[in-house]
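Observations on chain architecture
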Amino acid sequence: MKKIFAMALMILTALMTGCGGEESAGNGRLSVMLQSNIVSLDSAQATDSASFEVIADCIDGLMQLDADGKAIPALAQNYDVSEDGKTYTFHLREAKWANGDEVTAEDFIFAWRRHCVESSKYAYIMGSTVACIKNADAVIRKEIDAENLGVYAIDSKTLVVELDAPVSFFPSLMCFPAFYPINENFYNSLEKNTYGTSPETFLSNGAFKLADYVPGAANIQLVRNDSYWDAARVELSNLQYQVVSSSDNALTAFKNKTLNLAVINGNQVVNVKNDAELSKNLQTIPTGLLNYLSFNQDYKNNHGGALANANLRLAISNAIDRESLVDNYVMNGSQATYTAIPLRFAPNAKTGEYFAADQKQFSDVVSFDVEKARGFLEKAKSELGLENFSLELIYANDSGDTVVKVAQAIKSQVEENLPGVTLNLQPMPKAEYLDRVTTNSYDIAITNWAPDYDDPMTFFTLWTTEGSEIAEHWSNADYDKIISDCTTGDLAAQYDERWSAMYDAERILLENAVIAPLYTNAIANLISSNVSGIEFHSVAIERAYKSAKVQ
Amino acid sequence: MTKYIAKRLIMSLLTLFAIIFVLFILIRIMPGNPFPVERMSAEMILQKRLELGLDKPILVQFADYMSMLMGGSFGNGTSLYNGAPIKPIMLKCLENSFKIGVLSILFGTLVGLIIGITAALHRGKFLDGLCTIVSILGVCIPSYVFMIFLQYFFSYKIPLFPYFFDPSRFLSSAVMPAMSLSLFAISTVARFTRNEMVEVMNSDYVKLAEAKGLYGLQLIRRHVLRNALIPIVTVIAPLVVDLLTGAMVIEKIYGINGVGKLMVDAIAGQGVDYNYVLALGIVFSALYIGIMLVLDILYGIIDPRIRLAAKDG
């Protein structure tokens, strides 16, 4: 018996040792919140912005985003563009991988070829709708060998990229992790499928190194990489990511100083604003994420194709009070949006003005106007010979209650403003939601899209005949022509003409109410007052910590 | 004896097979898509399905899966979600869950024994009632509710322990989850200890020992506890597996990279990760069945009547 008690005492003392209330903040240690697990540190597997953020902490690409979101050189010291805009020559700077190897042009070639062959979601970014790298489409379709991809090394520090068409935003595209290098020898020394699954199987050349990580980890630890070429700029010694799925928990952890950066929801924003202390920490950051209604026009959809009628879609789009949605239901600083392109995104290279700066541009077809909406509805009723419409509105309800509130608000607004239209709410888990969309079994979906690169085309290509096969099932030859002219056709090289042609495409899109834009997302962050220098971007890498400081 | 063990072994294998079969079918008919990528074209999904053999009849898929399992691999051995290999990651997560599970079992058993003994010694008095209430509460309160309570008071109000699990400070991070998990073990062990002790204390040989002049700690230790402990050990064994697998919610809210969280993420993440859900289901079942098998065999050795009963039945 004495032994048992002795053991109990021993274990209790063992448990108590090392228990300290020391704060994790301070000493160059930054702890930030992630809302969900990252998918993968392998850029060919990653599908989410959180993964891209962590990859970008650890690996530099040819270019990087500066504080204002402009592309500036990273591993490329500088670059030359040929006159026709189809050949880029990048001159690499002296930089090392964390294992001491030089970063060479071959590392890029290896990564890009691999990406074309192995990536499922983001392979397209190399192809003719985005980067237009020579032969990329054929390599992605596995018709020719990856060696034929239009990217070459003149010497170990000079990388040449050949494009099929001039791509005005090509340098900014180089900030996207799909274009980051991977050390070929290191990769080949690993067991199959293990790249990026632990600190030992992931090699960094960037500001931070991976210190602790397993796939699906709730806690990711990064430490400063002293061999980083720009190490002088990096002040943080530790960067820690903590996955917190409940925002109540996040708020408490922020108050507790466990987190230096927490993301809170709309209801909490209201409370925080009333709190004299906490309101000083509140920073609302606009993003490039557009929330919109996707109308399924296929005749096979649940309502027998009534949504193929443009007037019915226009009626719904104009019956929604977007300002009320963001003010009363989203409440986190998100902004009502009346264009197919989100608000603070894709600035014009010459004027610096955001593409969607003029929100009144399409107010004849996207607005909140009950009279007009009812007019559209009357036309739809006579064209279809129907008096009542009962439509299904599907949405994923497992990522917080904002979308639930938005769906309920849309239902009540539409039903009140459009007599005869009923929306049946169908919440479901995200996996099922995605399945319903891809298998064409929905009427209307609340969906969203975040830009992959800093050009409106990242949205416009969603609704070409090919792109909308996945969701809206809409096809318009004029629209398709403008998009192809702007990507690989005559307009690709003419900046201003391309820019105005894209507005024409947007008009076709919105006159047909292919989608009903709702709002551009903002993220309400609580940031400790001793933290500065975190850079927020609306494209590709949402948060960057290279210049972050903790006082 | 050999025959008895062989029979138990075959039964266990059959049970495991049945579990795998049911799990396999259930997962395949679950709504949703294992490829949770937005705007993935029907063509791409079809190609993925072909790659993984998901286009074949479900029974053929099951046969394929079983043959791969016999070869020591869970399906194609990688997560459908991020392509990472399953086994090393699952082992790492098992290790984390196991460490916390062991801590909570140790803590739970100790506290449970103390409460049970106290209650038995003060049978019918105030302390007995108090201990009974504590052990009933322990069964009633879900461990994660207790966890949230601890997190609020001992990390937020009084910053004693880390607010989230921090692998670099394992022990101090493990205290709160281990304590919450041990709640169930405490109550189970306490109730069993009390009942067994009361029974033993009423037995003739203890009365004889008392008559011979033994009293106090010596009597409890030598005669009561030793005899009462045997049935208690048999309740603890299955508790171990319960703790390994039952920590799902706690691991999720406290951010522990354990198998429970792995399971929750595989089911309720962006897509249903067929390979992970199956692999974890199989491992959990195998652990449980394995422990039960060992217990059955031990019972058979300890008490021949069980063997005979099994033969008659």
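Nothing here was measured: the structure is a model prediction, and the numbers come from that model. (Residues numbered from 1 in each chain as written. Chains lettered and ligands numbered in written order. Predicted model: local features only at pLDDT ≥ 70, side-chain atom pairs only at ≥ 80, totals over all residues.)

Considering the overall build of chain B
As a reminder, the rule being used: Only DSSP runs of H or I reaching four residues or more are called helices, and only runs of E reaching two or more are called strands; each is numbered from the N terminus. Using C-beta atoms placed from the backbone, we call a residue buried if 20 or more other C-beta atoms fall within 10 Å of its own, exposed if 12 or fewer do, and partly exposed for counts in between. Placing C-beta atoms from the backbone, we regard two residues as in contact once those atoms come within 7 Å.
Counting its regular elements, chain B contains 13 helices and 0 strands. Listed by position from the N terminus, the elements making up chain B come as α-α-α-α-α-α-α-α-α-α-α-α-α. With the C-alpha coordinates of chain B rotated into their principal frame, the extents come out at 85 × 60 × 30 Å. Across the 313 residues of chain B, 38% fall into the buried class. For chain B, the share of sequence-separated contacts (at least 6 apart) that also reach a separation of at least 24 residues comes to 74%.

A short note on the confidence of the model for chain B
Rule in force here: The score called pLDDT rates the predictor's confidence residue by residue, from a low of 0 to a high of 100.
Chain-level pLDDT for chain B is 84 on average; 93% of the residues reach the 70-or-more range. Two summary scores accompany this predicted model of the complex, namely pTM at 0.88 and ipTM at 0.84.

As for the interface of chain B and chain A
Heads up, the rule is: Here the nonpolar group is Ala, Val, Leu, Ile, Met, Phe, Trp, Tyr, Cys and Pro; Asp, Glu, Lys and Arg are the charged ones; every other residue, Gly included, is treated as polar.
Counting residues at the interface gives 51 residues for chain B and 44 residues for chain A. For the side of chain B that touches chain A, the secondary structure elements donating two or more residues are α2 (42-52), α4 (86-121), α6 (143-157), α7 (170-201), α9 (216-245) and α11 (259-268) of chain B. Residue contributions to the side of chain B that touches chain A peak at 5 residues, all from α4 of chain B. Along the lines of polarity and charge, the residues of the side of chain B that touches chain A split into 30 nonpolar, 13 polar and 8 charged.

A few points about the sheet that holds strand β4 (residues 76-81) of chain A
All names here are of chain A. Cut-off, in case you're wondering: Two strands pair under a simple rule: DSSP has to find at least two bridges between them. Angles here are taken between N-to-C directions and fall from 0 to 180 degrees, while the axes themselves are lines fitted to C-alpha atoms, restricted in helices to the stretch in contact.
The antiparallel open sheet is built from 4 strands, whose spatial order is β4-β5-β7-β6. Each edge of the open sheet is held by one strand with a lone partner, namely β4 and β6 (151-155). Ignoring which end each strand starts from, the neighbouring axes of this sheet average 20 degrees apart. Here β4 runs beside strand β5 (residues 87-92); their pairing, made up of 5 bridges, is antiparallel. In the strand pairing of β5, Asp80 is matched with Thr89. Of the strands in this sheet, β5, β6 and β7 (158-162) touch helix α3 (residues 105-118), which is tilted by about 165 degrees from β6.

Considering the pairing of strand β11 (residues 261-264) of chain A
Residues and elements named next belong to chain A. Neither face of β11 is exposed, since Leu261 and Val263 on one face and Ala262 and Ile264 on the opposite face are all buried. Note that β11 and strand β17 (residues 515-527) share 4 bridges and pair antiparallel. In the sheet register, Leu261 faces β17, and the bridge partner there is Ile527.

Notes on unusual backbone geometry
Residues and elements named next belong to chain A. Here the phi dihedral of Cys132 falls at roughly 60 degrees; this positive angle occurs in a residue that is not glycine. As for its position among the elements, Cys132 is in the loop between α3 and α4 (136-140). A positive phi angle, close to 55 degrees, is found at His473, a residue other than glycine. Tracing the backbone through its elements, the reader meets His473 in the loop between α14 (457-460) and α15 (477-487). With 20 C-beta atoms packed within 10 Å, His473 lands in the buried category.

Some thoughts on α3 of chain A
Residue and element names in this part refer to chain A. Rule in force here: Helices are assigned an expected span. That span is 1.5 Å times one less than the residue count.
In a regular helix each residue adds 1.5 Å, so 14 residues correspond to 20 Å; α3 covers 20 Å between its end C-alpha atoms and thus fits that length. Among all positions in α3, only Ala105, Asp107, Phe108, Ile109, Ala111, Trp112, Arg113, His115 and Cys116 are buried. Residues of α3 that are buried make contact with β5, α4, β6, β7 and α6 (184-188).

Thoughts on the packing of helix α1 (residues 2-29) of chain B against helix α3 (residues 58-70) of chain B
All names here are of chain B. The condition that has to hold: For classification, angles of less than 35 degrees are called roughly parallel, those exceeding 145 degrees roughly antiparallel, those between 65 and 115 degrees roughly perpendicular, and all remaining angles oblique. Helix crossings are classified by the rotation of the near helix relative to the far one: an anticlockwise turn of less than a right angle makes the crossing left-handed, while a clockwise turn makes it right-handed.
The N-to-C vectors of α1 and α3 enclose an angle of 130 degrees; their axes lie 11 Å apart at closest approach. Relative to α3, the element α1 is oriented oblique. In this structure, the crossing between α1 and α3 has a hand that is right-handed. The segment α1 lies against α3, with Phe21, Phe24, Ile25 and Arg28 engaging Ile58, Phe62 and Tyr65. Residue composition of the contact of α1 with α3, by class: 6 nonpolar, no polar and 1 charged.

Things to note about the packing of α6 of chain B against α7 of chain B
Between two packed helices, the angle of one axis relative to the other and the distance separating the axes together describe the packing. Residue and element names in this part refer to chain B. Where α6 meets α7, the closest approach of the two axes is 9 Å, and the angle between their N-to-C directions is 145 degrees. Between α6 and α7 lies a crossing of right-handed hand. Of the residues in α7, those touching α6 at Ser143, Tyr144, Phe146, Met147, Leu150, Gln151 and Phe154 are Met176, Pro177, Met179, Ser180, Leu181, Leu183 and Phe184. Considering only residue class, the contact of α6 with α7 consists of 11 nonpolar, 3 polar and no charged.

Things to note about the nonpolar core
Worth spelling out the cut-off: For our purposes the nonpolar core covers buried Ala, Val, Leu, Ile, Met, Phe, Trp, Tyr and Cys residues that link as a set through C-beta atoms within 7 Å.
Ala250, Ala262 and Ala315 of chain A are the most contacted members of the largest nonpolar core, which has 248 residues in total. Aside from chain neighbours lying at most four places away, what touches Ala262 of chain A is Met33, Ala250, Leu251, Ala253, Phe254 and Leu526 of chain A.

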